[in-house]
2 protein chains.
Amino acid sequence: MFELYFTPGPTALYFTAEEHIKNAIKTGVCSTSHRGQWFKDIYKECQQNLRELMDIPDDYHILITSSANEAWERIIENCVEEESYHISMGAFSQRFAKISTQLGRKAHELIVEEGTVPAFDAIDVPDSAEIITICLNESSTGASFPLETINALREKYPDKLIAIDGVSGVPVIPINFKNIDTLYFSVQKAFGLPAGLGIWIVNNRCLEKANNMVEKGNVIGSYHRLPDMVEKAKVYQTAETPNILGIYTLSKVANDMLEKGILPIRREIDYKSAILNQVIESHPQMHHFVENDLHRSKTVKVVKTDFESKQLIEYLKNKKMHIGTGYGPYKNEQVRIANFPTHSKEQMEMLVDLIEAFRL
Amino acid sequence: MFELYFTPGPTALYFTAEEHIKNAIKTGVCSTSHRGQWFKDIYKECQQNLRELMDIPDDYHILITSSANEAWERIIENCVEEESYHISMGAFSQRFAKISTQLGRKAHELIVEEGTVPAFDAIDVPDSAEIITICLNESSTGASFPLETINALREKYPDKLIAIDGVSGVPVIPINFKNIDTLYFSVQKAFGLPAGLGIWIVNNRCLEKANNMVEKGNVIGSYHRLPDMVEKAKVYQTAETPNILGIYTLSKVANDMLEKGILPIRREIDYKSAILNQVIESHPQMHHFVENDLHRSKTVKVVKTDFESKQLIEYLKNKKMHIGTGYGPYKNEQVRIANFPTHSKEQMEMLVDLIEAFRL
C-alpha cells in the first residue's frame, strides 16, 4: 500500500497527476519553448478549464505567479498606494498584513481570536483603506470565512477592492467572483499538485488601480507588474519562463475535475467532512478547535487533542497515513487533517476508522 | 526515436531527470511538508551538491527563487539604493537595466553591438553606481563575456558589487566566485530541468548592503527580502512553499554531474562545440553571428543563415531534432543551437551530420 497524505498542503497528489506528469515528460512539454504555440495552447487551455471549473467571469484575468506569497506581494505593489485593511484569523491571513507593512504601506488589521471568524458588525474598515483582504479558509486554525459576510462587505464598501486568499478552499468553496476583485491560490492544497505554482485572478478594477498608481509615479514592481502580466496573459504568455510542467498539470487536473463534475466533488467533500466531524465529536479525547460549526472548514479540520498530538500522528504514520501537526504554537496539542478532492471516500473512511480505534 | 531538443532553453531534460522525477513522485517528495526534516535534507543536499559542482565558497549563500527574472528584481531591491550599471550585450542582459528603471533606480547602461562583448577599456563605471551587472552568456546573441574582464573589473572597482547572470553558462563555465558577489541562474538551460526554479547565490557583501538599506529606511521587498532569505537558507528552509520537486531534481542532477565529473563534462562541451563550429564554418550558407571566436559561447551557438532560417528548423524537425529560432528581430535570419551537458556526443554528431547535408 502507498503512503496516504491527508496533510493540509503539500498533500496527496490528485490521483491523476502522476499520469499527467509522465505524459508531459514523454511528449516534450518540459522542453518546449515558452514563446511557442504549444505553450500558448497549454496556458489557454489552463485558463479555460479554471474559468469553467471555478465559474470565473470572462472579464477576470487568470495570471501565473510562483506562489500565494508572491500574490500577496503583487497585490500590495499593484493595488495599494498607501493603506490596506486585513482580516486576520491566524498565521496565514496575518502574513498579508506583514507584507503590506514591509512594502511601506500602512496596514490596518482586525485580529480575531484564533479558531473564530469576525462578526460582520465587528468589521469596520477605515475610509482610507484601499483594499480589504480576507482568507477564505485559514489553514492554520480551520476557520472558514462566511461567504455571506463577503457579500455584505461588498455591499457596504463598494469602492474598496476585496482580495481573497483561496488557498485551501478553491475549487471546493463556490466563490461569487462578482463580489470580489482578486483571488489567488497555490496549487499544492485542494488541487493536489506539486508546489511551485500560484494562480492570481484579477478583475479590471485591480488593473485600473495599478494603471492609476503608475500615472501618479508609483513603483508597481518590475517583470510582474500587473498591467504587463494582463497584457501577456491575453496572448497566453508570461514574462519569465514559467513552471510549464505545473501549468500543464493544473490544466489537466482541472479538466479531470470538470469531467467528474464540481457538484459530485462537493458532495464527496460534504460526506467526508461529515464522517470526520463525527469521529472528532465522538472521540473522548478530541475536540474541534473551531467551536462554531458554521465557521468550521470542510477542507481543513483542526483538532485539539487531550494528549500530545504526535502520538496520534505517529500511530497513523505506522499505518502509512499522514496527517498534519498543529500550526506554530499549537504544534503539540493539535492535528490538522485535509479533506481535498483527491482524498477518496474509501481513504477517508479508512482514516476515520483508525482514528476511532485510537485510544491512549 | 524520441524528439531531441537542442533549443537554448527550455531544452532537453538532463538524461537522468525523468527517472528522478518519477522517483520523487513514487516516494512522496511532492506531498512532504516544506517545514519537515525531509525537505530540509533535500534543500541541504541541493546546496551541498551545487557548492561542490560549481566550486561555491562556504560563505556564499544558495537561495531559491522562481526564475532568473525574480533574481533581477531581488538584486535591485536588496542591493541597489539609487544607481546601477549594466553591461548590455543583447535582449537578456538589457532586461536587467529595464528592471532597475522600473524599480525607480537610475540605470546606467553600456550597450555594445549585438554579437560582440565590450573591451575592458570601454567599461567606465560611474562612481555613483553601486553594482555592475554582467551576462556571462548572452543567450540571444551567443556572445560569452570574458572571465578575465570580470577579474579585471573586480580589481578596478573593488567597492562595487558584481552580479553575474549565469543562465546558459553554469555549470559549464568555471566561475571564480571570489571575484563576484552574486550569481543567479534558472534551471531550464544548462542544467536541463523543467522550468520554474531559479538559484540565487549571494555573498555577505550583498547581505550587508541589504541590511544597510533597511537601516536607512529603504523598502527591500517582503517575503523574499534578502536578509530573511539568508536566515531561512541557513536552516534549509524557504519563506513560501517552494518548488520542492524542482529542488529535489536539481540536487539529483547536480549529483549525477558530480559523479560524471565536471572536467569530463567540460571536455565533452569542448568537443561538441568544436564540431558545431566546424560545420558552421564549412557550410557555404551559414555564418557565426559572433565574429570573434574568443567571444563565442560554447553552449549557445547563434548562426546567421543566408536562407530563411525556418527552412533549416523545419528540415531538422522532420528528423525529430529541434533547434531554436533567432531571438527577437533575428527570428527569421538566425538559428540558435544549444550545447549543454545533457546533449551527448553521439546526438551532437547526428545533428552536425544533418546540418552538413542540408542544402537549399
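Residues numbered from 1 in each chain as written. Chains lettered and ligands numbered in written order. Predicted model: local features only at pLDDT ≥ 70, side-chain atom pairs only at ≥ 80, totals over all residues. Heavy atoms only, no water.

Formally: UniProt positions are given in the numbering used here, feature names are shortened, and annotations may be inferred rather than shown by experiment.
For chain A, the name recorded in an unreviewed UniProt entry is phosphoserine transaminase, with Marivirga arenosa as its organism. Under the UniProt heading Sequence similarities (unreviewed entry), the entry covering chain A gives this text: "Belongs to the class-V pyridoxal-phosphate-dependent aminotransferase family. SerC subfamily." Its UniProt record, at the heading Cofactor (unreviewed entry), says of chain A: "pyridoxal 5'-phosphate".

## Remarks on the overall build of chain A
Keep this limit in mind: Where helices and strands are cited, they refer to DSSP runs of H or I of at least four residues and of E of at least two residues respectively, numbered from the N terminus. Only C-alpha atoms enter the radius of gyration; for comparison, a globular chain is expected to reach 2.2 Å times N to the power 0.38, where N is the number of residues. Here the term buried applies to any residue with accessible area under 20% of the maximum for its type, exposed to any over 50%, and partly exposed to those in between, with areas from a 1.4 Å probe on protein chains only. Note on areas: Shrake-Rupley, 1.4 Å probe, and residue coverage restricted to the protein chains presented here. Positive charges are assigned to Lys and Arg, negative charges to Asp and Glu, while His and the chain termini are left out of the count. One atom stands in for each charge, and that atom is NZ of Lys, CZ of Arg, CG of Asp or CD of Glu.
Along chain A, the regular secondary structure elements total 11 helices and 15 strands. What you see for chain A is a C-alpha radius of gyration of 20 Å, in line with the 21 Å of a compact globule of 360 residues. If you line up chain A on its principal axes, its C-alpha atoms span 65 × 55 × 30 Å. In chain A, which comprises 360 residues, the proportion classed as buried is 65%. Within the structure as shown, chain A displays about 13500 Å² of accessible surface, and the carbon and sulfur contribution to it stands at 48%. Side-chain charges of chain A comprise 39 positive and 48 negative groups, with the mean position of each set lying 4 Å from the other.

## Considering the environment of B:L50
Residue and element names in this part refer to chain B. What counts here: Any two residues whose heavy atoms approach within 4.5 Å are treated as being in contact.
Along the chain, L50 falls in helix α2 (residues 37-54). Through-space distance from the C-alpha of L50 to that of I21 is 18 Å; in sequence the pair is 29 residues apart. Each residue touching L50, except ones within four places of it in the same chain, is listed here: D55, I56, I62, F185, F191, I199, L250 and A254.

## A word on the relation of the copies chain B and chain A
How we decide: Least-squares superposition aligns the copies on the C-alpha atoms of those residues with pLDDT at or above 70 in both.
Between the two copies, chain B and chain A, the superposition gives an RMSD of 0.0 Å; the rotation angle is 180 degrees and the shift along the axis is 0.0 Å. Between the two chains, the operation in question is that of a two-fold axis. No C-alpha of chain B approaches the rotation axis more nearly than that of B:S66, which lies at 3.0 Å. When the interface residues of chain B are mapped onto chain A, 100% of them again lie at the interface, so the same face is used by both copies.

## With respect to the sheet that holds strand β5 (residues 131-135) of chain A
All names here are of chain A. The criterion, for reference: In short, DSSP must find at least two bridges between two strands for them to pair. Helix axes are fitted only over the stretch in contact, all axes being lines through C-alpha atoms; the angle between N-to-C directions runs from 0 to 180 degrees.
Strand order in this open sheet of seven strands is β2-β10-β9-β8-β5-β3-β4, and the pairing throughout is mixed. Pairing within the sheet leaves two strands with one partner each, and these edge strands are β2 (61-65) and β4 (106-111). Taking each pair of neighbouring strands and ignoring which way they run, the sheet shows an average axis angle of 20 degrees. Sheet analysis places strand β9 (residues 182-186) next to strand β10 (residues 198-202), joined by five bridges and oriented antiparallel. Residue T182 lies in a different strand from β10, and its bridge partner there is V202. Set on the sheet, helix α7 (residues 226-234) makes contact with β2 and β10; between it and β2 the angle comes to about 110 degrees.

## Examining the packing of aromatic side chains
Formally: Pairing of aromatic rings covers Phe, Tyr and Trp, the last through its six-membered ring, and needs centres within 6.5 Å; plane angles under 30 degrees mean stacked, over 60 mean edge-to-face, and all others mean tilted.
Enumeration over the complete set of coordinates arrives at 22 aromatic pairs over all chains. Here the aromatic rings of A:F92 and A:Y327 are separated by 4.9 Å at their centres, their planes lie at 55 degrees, and the arrangement is tilted. Taken together, the residues A:F92 in helix α4 (residues 91-102) and A:Y327 in the loop between β14 (324-325) and β15 (334-338) connect sequence positions 235 residues apart. Relative accessible area serves as the criterion here: at 18%, A:F92 is assigned to the buried category. Using a relative accessible area of 21% as the deciding quantity, one classes A:Y327 as partly exposed. The interplanar angle of 35 degrees and the centroid separation of 4.7 Å between the aromatic rings of B:Y14 and B:F15 together place this pair among those described as tilted. B:F15 sits in the exposed class, given a relative accessible area of 58%.

## So, the interface of chain B and chain A
We apply this condition: Accessible surface is computed with a 1.4 Å probe, and the buried area is the amount of it that two parts give up when combined, taken over both parts together. One speaks of a salt bridge when a side-chain nitrogen belonging to Lys or Arg is within 4 Å of a carboxyl oxygen belonging to Asp or Glu. Counted as a polar contact is a pair of N or O atoms within 3.5 Å, where, for protein atoms, one must be capable of donating a hydrogen and the other of accepting one, and residues adjacent in sequence contribute only when both atoms are in side chains. Note on residue categories: nonpolar means Ala, Val, Leu, Ile, Met, Phe, Trp, Tyr, Cys or Pro, charged means Asp, Glu, Lys or Arg, and polar means any other residue, Gly included.
Contacts between the two partners involve 46 residues from chain B, matched on the other side by 46 residues from chain A. Across the interface of chain B and chain A, roughly 3600 Å² is buried in total on both sides, 59% from carbon and sulfur atoms. Among the residues chain B hides against chain A, the three largest losses belong to B:I25, B:S31 and B:Y223. Together they make up 16% of the total. If you look at where chain B meets chain A, you find two salt bridges. For the salt bridge of B:E73 with A:R74, the shortest nitrogen-to-oxygen distance reads 3.0 Å. Where chain B meets chain A, there are eight residue pairs in polar contact (both at pLDDT 80 or more). Breaking the side of chain B that touches chain A down by element, the ones donating at least two residues are α1 (17-27), α3 (68-79), α4 (91-102) and α8 (244-260) of chain B. Counted by class, the side of chain B that touches chain A contains 18 nonpolar, 19 polar and nine charged residues.

## Considerations on the nonpolar core
Our working rule: Among the buried residues, those of types Ala, Val, Leu, Ile, Met, Phe, Trp, Tyr and Cys that are joined through side-chain atoms within 4.5 Å form a nonpolar core.
Grouped together as the largest cluster of nonpolar side chains are 186 residues, with contacts concentrated most on A:L50, A:M54, B:L50, B:M54 and B:F185. Counting 23 residues, the second largest nonpolar core, distinct from the first, contains B:L4, B:I275, B:V303 and B:L312.

## Some thoughts on the pairing of strand β2 (residues 61-65) of chain B
Residue and element names in this part refer to chain B. Here β2 lies mainly inside the structure; five of its five residues are buried. In β2, alternate side chains face the same way, and those of H61, L63 and T65 on one face and I62 and I64 on the other are all buried. Pairing of β2 with strand β10 (residues 198-202), which is carried by five bridges, proceeds in the antiparallel orientation. Across the sheet, H61 pairs through a bridge with V202, a residue of β10.

## What about empty space enclosed by the protein?
In plain terms, the rule: Lining residues are defined by having an atom within 4 Å of a point belonging to a cavity or pocket. Those points lie on a 1 Å grid over the protein atoms alone, cavities being sets where a 1.4 Å probe fits but cannot get out and pockets being open sets with protein on both sides within 12 Å along at least five of seven lines. Grid points are joined across faces, edges and corners, and a volume is the space filled by probe spheres set on the points.
By the definition in use, this model includes nine cavities of 30 Å³ or more. Of the volumes computed, that of the largest cavity is approximately 180 Å³. Together, 17 residues line the largest cavity, and A:N243, A:L245, B:P194, B:N243 and B:L245 are the ones closest to its centre. Among the secondary structure elements, those contributing two or more residues to the lining of the largest cavity are α8 (244-260) of chain A together with α8 of chain B. Split by residue class, the lining of the largest cavity holds 11 nonpolar, six polar and no charged.

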